Amino acid sequence: FAKTCAAGMQFRSEYRFISRDRREVWVHGEARVVRDEFGRPLFIQGIAFDITESKRAEQALRRSAEDLEMKVAERTVALKEASLRADMANQARASFLANMSHEIRTPLNGIVGMTELALDTQLSYGQFEYLSTIKSCADSLLNIINDILDFSKIEAGKLQMDHVGFHLPDLLSDTCKTLGFRADQKGLELACRIGPNVPEYVIGDSGRLRQVLINLVGNAIKFTKQGEVVVQVEVLSRADNSAQLKFAVSDTGIGIPKEKQSRIFSAFEQADTSTTRTYGGTGLGLAIASKLVALMDGKIEIASEEGRGSTFSFIVRLDMEPEREQNISRSTNPLRNLPVLVVDDNQTNRRILAEILTNWYMQPTMVAGGQEALTALEQAADRGRPFALVLLDAQMPEMDGFMLVEHIKTDPRMKETILMMLSSAAQHSDAERCRSLGVAAYLTKPIKQSELLDTILSLLHPADPCATQGKPGSSPASAITSGGTSPKWNILLAEDNPVNQRVAAGILEKRGHTVTAVENGLEALQAVKVQRFDLVLMDLQMPEMDGFAATSAIREMEETSGRHLPIVAMTARAMKGDRECCLQAGMDGYVSKPINPKVLLATIESLVCRPVMNGQPAHNQKIQTMNHNHIPATVNASAPVPALPETKADALAAVDFTELSERVENDLTLLQEMIELYLQSSPRLLMEIELGISKSDGLTIQRAAHALKGALQNLSAGPSARAALQLEQLGRSGELDSVDQSLVELKTEMDRLRFELDRWSKEVCV
Ligand code: ADP
């Protein structure tokens, strides 16, 4: 040791000992070698300390540092696992939502599809209304399902709001009509009030607004046992291009306790959380509604008193379409100063009707019951100014609307008075009773303003052949006249789908009309420049130029000519609001595909008969018949027609031959042509769908499936049309997870269809 240690060098070390009593003892030693003048070691000089305590502290510190490190590592692993679990939960949620939406949408699509098909058959007015309501309910249900899926989108800030024009009064009335049946069943009055100066044509997201209203009105009905539900809209302020509107839904229901009012807007929150809850529901509706209103820069508020009722209101600003005619014009109004009596026991209804009728410059007198009504009628007759019109509520205490009608009918002084019954949707026998009592018209509540106006106008001007809607027994079908002696017209048909083109042309030519067929809007525009037509049938979705653009170009041209060419839209979408879109775009009428010959002819007839600007019926202005592109008539009316096979009782038959034979009016040649056209065009459309799927391109899928659906509906091939509709909707929604499966379904159905058509062709040839 002395040899190796250099001079002056210090030596330090630590030693651990175990003492006799088995304790651990640490010693720190320091030593140095002391040398003589020649550098030889003399002795070692050193010192030792007991460092046991500090050593223990140091060890404890190290151990706790190691513990900490270990805990941090464990925590990191736990966090990673948690985020993995959250990811998995999110994925599970997303796929659950996707699956759920698919599962619900599939049967709903069936309901929508079947209802659409049923709507295109010949129906009584009542059946037509019921089916329309089913369809509109199913449509809104589909919307709600989409919106529930959107909930996560809203949370993620990914929801886009639409900014398109719509007719606000129609949106409100349609929403109320959708829920009218439910209100009726509970014996509730459902009324809709549109305040003065509310703009008619506004721009915004009508679908979202409708969803919010449906939710609020739906809740109001659900939580109200008796009384009424009132939907109102009022203008708070109006600027040049926009209006601030306040919507309110009030009920006389159970109300919500103060302390629970703020909670109900959170997801899955309900005022009554007990296990014995009386009312079902998810607690999601208000959460979605309040988020949607927030996206419209508004806020939902609630005013409620337990046991007395609630009012949910929200304020939003909507842009206006300034150039649209916003109200009935004072000078041309035929209803001006017309005395009208309104009999309704419900005060809110009376107030609303008074406001509507006054807005139309009529002179309403309001009474609450049958006795009062009779007194008012007699007094008016005595004064020599009897009421021109009486609007009666069907359900009233003591003397109901029908009893009142019976009384009125006994008084000869009132035989000129037109009676109109307002009845609830649930009372389907009312129509029959109205007819037998001589009531001129009935409308189902809640009243839609445009419907009321149309009906009143049609009753006061019965000569107008176009005004038949709303009368008892009148239906789109009953307004039809047969083609035998009617005048022949020159019709332009703009339609890119060959099967649709053939069907429409076949129907029209059979009535002796002349048809010029073109394949897109541009060609239609060219055609109207060089020829005079009595009417245009305009498909909406076409290549090059669609039906909307073509219509607006035609309307623009007419600004200088002063002429008005009737344009009828043909569309396979038949969605709520489409009709309004078409009318807003300057079209005069609307027929949905697959084409129902009677509806088509009735629509055309009602439009071509209508007087035009210079006072001449349009068909008198006809100048020439067409030449190029003229579809040769294939109809051989005198040839014996072999019977078409009957539809199998099985609702899933690939083709409904009964319906099909009605469509082609038993014309086998036309039918064979249609089948050929279908066989030619369908493989290309199928290929386009496949292409769309391979590129995950929803738009291509939607378009091709839409065209294919149209062709299939024309053949009354329900199951395959529905399969195509499903693909169309998947394409539109962009949710392509299940397109493959839907494509398989479509192909299977189309194979089945082909088999049926082959078999039929063979039978016919034999
Ligand atoms: P759901 O109706 O599906 O339960 P919502 O989110 O629409 O879900 O409503 C949440 C809760 O708010 C309801 O469960 C109910 O307790 C209360 N509520 C909503 N609207 C009304 C109303 N008009 N009257 C009384 N309570 C209401």
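Residues numbered from 1 in each chain as written. Predicted model: local features only at pLDDT ≥ 70, side-chain atom pairs only at ≥ 80, totals over all residues. Heavy atoms only, no water.

1. Re the overall build of the protein chain
Under the convention used in this document: Helix and strand labels come from DSSP, where a helix needs a run of H or I of at least four residues and a strand needs a run of E of at least two; each type is numbered from the N terminus. Relative accessibility under 20% of the residue-type maximum defines a buried residue, over 50% an exposed one, and the middle range a partly exposed one, all with a 1.4 Å probe and only protein chains included. The contact criterion used throughout is that any non-hydrogen atoms of two residues lie within 4.5 Å. Calculation of accessible area relied on Shrake-Rupley with a 1.4 Å probe; when residues are assessed, cover is drawn exclusively from the protein chains displayed.
Helix and strand counts for the protein chain stand at 21 helices and 20 strands. Looking at the 766 residues of the protein chain, the share that counts as buried comes to 49%. Of the contacts formed within the protein chain by residues at least 6 apart in sequence, a portion of 69% connects residues at least 24 apart. A total accessible area of about 38,000 Å² is found for the protein chain, and carbon and sulfur atoms account for 53% of it.

2. Some details on the sheet that holds strand β3 (residues 41-50)
Test applied: Between any two strands, at least two bridges found by DSSP are needed for them to pair. Note on geometry: axes are lines fitted to C-alpha atoms, helical ones only across the stretch in contact, with angles between N-to-C directions running from 0 to 180 degrees.
Taken together, the 3 strands give an open sheet; going across it, the order is β1-β2-β3, and neighbouring strands pair in antiparallel fashion. Among the strands making up the open sheet, the edge pair consists of β1 (10-18) and β3. Strand-to-strand twist of the sheet, defined as the mean angle between neighbouring strand axes without regard to direction, takes the value 25°. As paired strands, β1 and strand β2 (residues 24-35) are joined by 9 bridges and run antiparallel to one another. Within the sheet, the bridge partner assigned to R16 lies in β2 and is W26.

3. A short note on the packing of aromatic side chains
Threshold: Any two of the Phe, Tyr and Trp rings considered here, Trp counted by its six-membered ring, make a pair once their centres fall within 6.5 Å; the pair's planes then place it as stacked at under 30 degrees, edge-to-face at over 60, or tilted in between.
All told, the structure shown has 3 aromatic pairs when counted by the stated rule. Ring centres of F265 and F312 lie 6.2 Å apart, and the angle between their planes is 75°; this geometry places the pair in the edge-to-face category. Of this pair, F265 sits in the loop between α5 (258-261) and α6 (285-295) while F312 sits in strand β10 (residues 309-320); the two residues are 47 residues apart in sequence, bridging distant segments of the chain. Like F265, the residue F312 is buried in the burial classification.

4. A few points about the confidence of the model for the protein chain
Worth spelling out the cut-off: Per-residue confidence from the predictor is reported as pLDDT, a score between 0 and 100.
Residues of the protein chain with pLDDT of at least 70 account for 80%, and the chain-wide mean is 79. Per-residue pLDDT stays below 50 along residues 325-332; that stretch engages in 14 contacts with residues further than four places along the chain or on separate chains. Considering only residues more than four positions removed or in separate chains, one finds that residues 610-651, a stretch of pLDDT under 50, has 75 contacts.

5. Digging into unusual backbone geometry
Of note in this structure, D297 is not a glycine but carries a positive phi near 65°. With respect to the helices and strands, the residue D297 is situated in the loop between α6 and β9 (300-305).

6. Examining the sheet that holds strand β20 (residues 589-592)
Taken in spatial order, the 5 strands line up as β17-β16-β18-β19-β20 in an open sheet, and their pairing is parallel. Each of the sheet's edge strands pairs with one partner strand only, and the pair in question is β17 (514-518) and β20. When the angles between neighbouring strand axes are averaged without regard to direction, this sheet yields 20°. Where helix α12 (residues 498-510) meets the sheet, its contacts fall on β16 (490-494), β17 and β18 (535-539), and the angle it forms with β17 comes to roughly 165°. Here helix α13 (residues 521-530) sits on the sheet and contacts β16, β17 and β18; the angle it forms with β16, its principal contact strand, is near 160°.

7. Points about the packing of helix α4 (residues 206-222) against α6
Defined as follows: Note: crossing handedness is left-handed where the near helix turns anticlockwise from the far helix by less than a right angle, and right-handed where it turns clockwise.
In the contact formed by α4 and α6, the axes pass within 9 Å of each other and the chain directions differ by 145°. Once α4 is placed against α6, the crossing between them reads as left-handed. Mapping the contact onto sequence places R208, Q211, V212, N215, L216 and N219 in α4 and G285, L286, I288, A289, L292 and V293 in α6.

8. Quick notes on a negative patch on the surface
Quick note on the threshold: Residues forming no salt bridge and having over 30% relative accessible area are the ones grouped into patches, like charges within 9 Å of each other and nonpolar side chains (Val, Leu, Ile, Met, Phe, Trp, Tyr) within 5 Å. Any Lys or Arg side-chain nitrogen located within 4 Å of an Asp or Glu carboxyl oxygen qualifies as a salt bridge. Charged residues are defined here as Lys and Arg on the positive side and Asp and Glu on the negative side; His and the ends of the chain fall outside this count. A charged residue contributes its charge at one atom only: NZ of Lys, CZ of Arg, CG of Asp or CD of Glu.
Taken together, D496, E519, E523 and E544 make up a surface patch of like negative charges. Structurally, E523 is set in helix α13.

9. A word on the environment of K409
The following threshold applies: We define a polar contact as two N or O atoms separated by no more than 3.5 Å, with the added condition that, inside protein, one atom must be a possible hydrogen donor and the other a possible acceptor, whereas residues neighbouring each other in sequence contribute only through side-chain atom pairs.
Turning to its location among the elements, K409 is positioned in helix α9 (residues 401-409). The sequence separation of K409 and L419 amounts to 10 residues, and the corresponding C-alpha distance is 9.8 Å. Setting aside its immediate chain neighbours within four residues, K409 contacts L419, L437 and G438. There is a polar contact of 3.3 Å between the side chain of K409 and the backbone oxygen of G438.

10. A look at the nonpolar core
Within soluble globular proteins, side chains that are nonpolar tend to cluster in buried spots. So the rule is basically this: To define a nonpolar core, start from buried Ala, Val, Leu, Ile, Met, Phe, Trp, Tyr and Cys residues and group those joined through side-chain atoms within 4.5 Å.
Residues L537, I604, Y678, I689, L708, L712 and L746 are the most contacted members of the largest nonpolar core, which totals 57 residues. If you tally residues by element for this core, the top one is helix α18 (residues 668-694), at 11 residues. If near-sequence neighbours (up to four positions away) are discounted, L708 is found in contact with Y678, S682, L685, L686, I689, L746 and M750. L209, A243, I256 and I300 belong to the second largest nonpolar core, which has 45 residues in total.

11. Overview of a nonpolar patch on the surface
Taken together, F11, Y15 and F17 make up a surface patch of nonpolar side chains, about 280 Å² in accessible area. Tracing the chain through its elements places Y15 in strand β1.

12. Quick look at helix α11 (residues 449-460)
Under the convention used in this document: By definition here, a helix of n residues has an expected span of 1.5 Å times n minus one.
Across its 12 residues, α11 extends 17 Å between first and last C-alpha, which sits within 8% of the 16 Å expected from 1.5 Å per residue. Within α11, the full set of buried residues consists of Q449, E451, L452, L453, T455, I456, S458 and L459.

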